[in-house]
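Structural characterization, general
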Amino acid sequence: MIKEWIWLIPLMPLLASFVTGLLGAKVLKDKSHWLVIAGAASSAVLAIYVLCLTNGNSGDAAVFVDGFEWINIGGLVSNVKAMIDPLTAVMLVTVSVVALLVVIYSKGYMAGDTGYFRFFAYLGLFIFSMLMLVLSSNFLMLYVFWEAVGLCSYLLIGFYYKKPSAAAAAKKAFLVNRVGDFGFAIGILLIYLNCHTVDFTQVFAMIPELAKTNPGLITTIALCLFVGACGKSAQLPLYVWLPDAMEGPSPVSALVHAATMVTAGVYMVVRCGAIFTHSGTAMTVVAIVGGITALFAATIALVQTDIKRILAYSTISQLGYMFLAVGVGAASAGIFHLYTHAFFKALLFLAAGSIMHAMHDHIDLKEIGGLRKDIPWTHWTFLIGALALAGCPLLSGFFSKDEILAAALNHESLSWLGWVGVLTAGMTAFYTFRCYFMAFHGPRFMPKDVHHPHETPVMNYVLAVLAVGAIFAGYVNMGEHGWLESFLGRSASVENYAKLHVRGHHFGHTTVMFISIAVVAIGMALAYAIYGKGREKAEKIARALQAPQKVLLNKYYVDEGYDYIFIRPLRKLGDYCFGSDNKCIDSILWAITAVPRSLGFVGSLFQQGMLQTYALMMLFGLAVIFIIALMY
Amino acid sequence: MINYQYYILLGAILFVIGLIGFATRRNMIVMFLCTELMLQGVVLNLVGFNLHWLSKGNGGLEGQAFTIFLLVIAAAEAALAMALVMVLQRKNETLNVGEFAELKG
């Protein structure tokens, strides 16, 4: 039975992180990784055990484990209580297993770094926060750990804090997330105002009633929550922080900014199924934002040359797929894609990290190419990851993406988003293989300071394990209604989506499969035709299409636009406030202090420092006292 | 027996001389001597009043005893004060009290 030991899952990494943070600098030093690896490993083992137990439960399998009373003031009750249902179990396993692999990989990748222990302490803290986030049983707890993972993300992006670009990227991630979290906070406050509780079960039970009396309110709440999800999961228009987040070390990109943290938004929207499914508008918005983001990010990824940036845009694009799935009512397909994506995207990022490790931190495709012989493990594992990402048949990404496309194409009113998804799938195949061919095929060249590119055994093993995951992770949901779908369907949150009837049957599963295979094949073939044998053709095409290429290279000038619309006016406002503080408020304060200052100045005139003057004054005073005494 | 009022008058004269000297002279040693003079003027009061009480036929010699005490303490104080004056002389090479104005506000 699931009992209090469930708390060990988040607490083991926390303890490891705490001890590593305390003792790392002086005692553990280059052995700092062991504690966090042990913590993550115990979490992973327990998480898998929890999954097995949950799978054994029948019916609505939500189990609650009390922690302690946290907040109880004037009707607001928020206890630290774990909620374990199939959705939680799947998230726990995904997070802890990927985290374990990434931590092991980091042992090789971060070796010799001055902040070695700090890195592992942060990672442990992140794993704790993320696991607590998925275990949360009320909105307040969810919000706290939502912020906690944001903090860890900030710390890890800014890990190389001496590098100005990393510090700026960390700040940007934090600030952009602030915008999303503002919406999220308002959503939670609205929920509390109308339901007088923040507990998931109680809130979700009240939603159907509220939806009857006040449907607009439900839409508002859902949209507010979705703004939070957009911030965390890097959707339009708040995606701008994620590509910059690649300034962090590669394992961080793999764990935090691809596999786990950024999926928190998808998780939250699925968890709040009761709210979202009661608002058709909100569902449509989720689906459209997801679909458009998927296409938008994919187009940017077409021309980028930094491998990690390509992967970052592809992450945004894949997250868009997940939201598209949830928005068209296929929440289990969204979570399925989240789960497979965690494996193949972590694999791709770690492989990119392996390239960086071999190439002395050079990752730009303009500087490297044709490396398949130099780093064979990386080459093969990257290829597997790329195939899975592109949605090549029989690999994990194929199954999950197919389900999303099928759900979207069959939606009664939003099937055009399905076609957007199909187009995106073709682009995904193209840019993934463009990246693969440019990095590993064609003429071999590398930066001048690299003489003997090498790979590290521990990193290779992790890549191999993840490659196995990227191939086989999809088989948990084979067929029309696979194990994962029926398992997730037992979660009340996911069930809400499953109960929606938004299917207008147009396409059979097989038809969708063929469409998807066809576009993927076209994308891959196109990539091979242009980049397979060298880059001359690509340059020729680039010259022909200069204008659109420039727009895409500059990422549609979104960053510049935000700079112009938000950052500069805000900075001006800040300067203005600073000026008024400096001039206006300070001068008022100066005027107030002028009174005691002038009094003091008058007083100080008597303080000549002349002993005899003092004596005379004393004499004078004495005389006055005597005269007064004599008069009375 | 001399009337005690003369003692008190002498004491007052000594005190005023000391006071005027303290207020007008600039040399630290002289100023110090003047404070001694003021002290002795005060002490003379004790002797005078003691005599007054004795002549009335009550009391002992407490005033006289106080005076001896005060003289001893004044001697000790004088030794200390002279040491301080010596240090100040060495430090600033002057004893003009006008030069010591560090406490000016």
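Residues numbered from 1 in each chain as written. Chains lettered and ligands numbered in written order. Predicted model: local features only at pLDDT ≥ 70, side-chain atom pairs only at ≥ 80, totals over all residues. Heavy atoms only, no water.

Let us now look at the overall build of chain A. Helix and strand counts for chain A come out as 26 helices and 2 strands. Dimensions of chain A, computed from the C-alpha atoms along their principal axes, are close to 120 × 65 × 50 Å. Taking all 632 residues of chain A together, the buried fraction comes to 56%. Carbon together with sulfur atoms contributes 71% to the accessible area of chain A, which is approximately 26,200 Å² in total. (Helix = DSSP H or I, 4+ residues; strand = E, 2+ residues; numbered from the N terminus. Buried < 20%, exposed > 50% of the residue type's maximum accessible area, 1.4 Å probe, protein only. Areas by Shrake-Rupley, 256 points an atom, 1.4 Å probe, with all protein chains shown as cover.)

On to the interface of chain A and chain B. Tallying the contact residues gives 11 residues for chain A and 14 residues for chain B. Across the interface of chain A and chain B, roughly 980 Å² is buried in total on both sides, 65% from carbon and sulfur atoms. Put simply, chain A and chain B have 0 salt bridges between them. Inspection of the region where chain A meets chain B yields 3 residue pairs in polar contact (both at pLDDT 80 or more). Ranked by the residues each element gives to the side of chain A that touches chain B, the list is headed by helix α26 (residues 611–631) of chain A, at 6 residues. Grouping the constituent residues of the side of chain A that touches chain B by class yields 6 nonpolar, 5 polar and no charged. (Contact = heavy atoms within 4.5 Å. Buried area = accessible area lost by both parts, 1.4 Å probe. Salt bridge = Lys/Arg side-chain N within 4 Å of Asp/Glu carboxyl O. Polar contact = N/O pair within 3.5 Å; in protein donor to acceptor, adjacent residues only side chain to side chain. Nonpolar A, V, L, I, M, F, W, Y, C, P; charged D, E, K, R; others polar.)

Further remarks concern the domain arrangement of chain A. Considered domain by domain, chain A is made up of domain 1 (339–477 + 511–553) and domain 2 (559–631). One C-alpha centre belongs to domain 1 of chain A, the other to domain 2 of chain A; they are set 68 Å apart. (Domains from an automatic or database assignment.)

A large share of strand β2 (residues 76–84) of chain A lies buried, amounting to 7 of its 9 residues. Linking strand β1 (residues 63–73) of chain A back to β2 of chain A in an antiparallel pair, the connection comprises 2 residues, with glycine 74 of chain A at a positive phi of about 45°. (Pairing = 2+ DSSP bridges.)

Among the nonpolar cores identified, the biggest contains 220 residues, and Ile6, Phe126, Phe139, Leu225, Ile275, Phe276 and Ile307 of chain A are the most heavily contacted of them. Ranked by residue count, the leading element in this core is helix α15 (residues 331–358) of chain A, at 19 residues. Residues contacting isoleucine 307 of chain A, with those up to four places away along its chain left out, are Ala352, Ile355, Ile363, Leu365, Ile368, Phe382, Cys435 and Ala439 of chain A. With 11 residues, the next largest nonpolar core counts Ala615 of chain A together with Phe22, Met28 and Met31 of chain B among its residues. (Core = buried A, V, L, I, M, F, W, Y, C linked by side-chain atoms within 4.5 Å.)

Residues and elements named next belong to chain A. Within the element layout of this structure, serine 396 appears in helix α17 (residues 396–409). Residue serine 396 is classed as buried on the basis of its relative accessible area of 0%. Only 2.5 Å separates the side chain of serine 396 from the backbone oxygen of alanine 470, close enough to count as a polar contact.

Below, the discussion takes up the environment of valine 77 of chain A. Residue and element names in this part refer to chain A. For valine 77, the position within the fold is in strand β2. Separated by 550 residues in the primary sequence, valine 77 and isoleucine 627 place their C-alpha atoms 75 Å from one another. Residues in contact with valine 77, not counting those within four places in the same chain, are Ile71, Asn72 and Val198.

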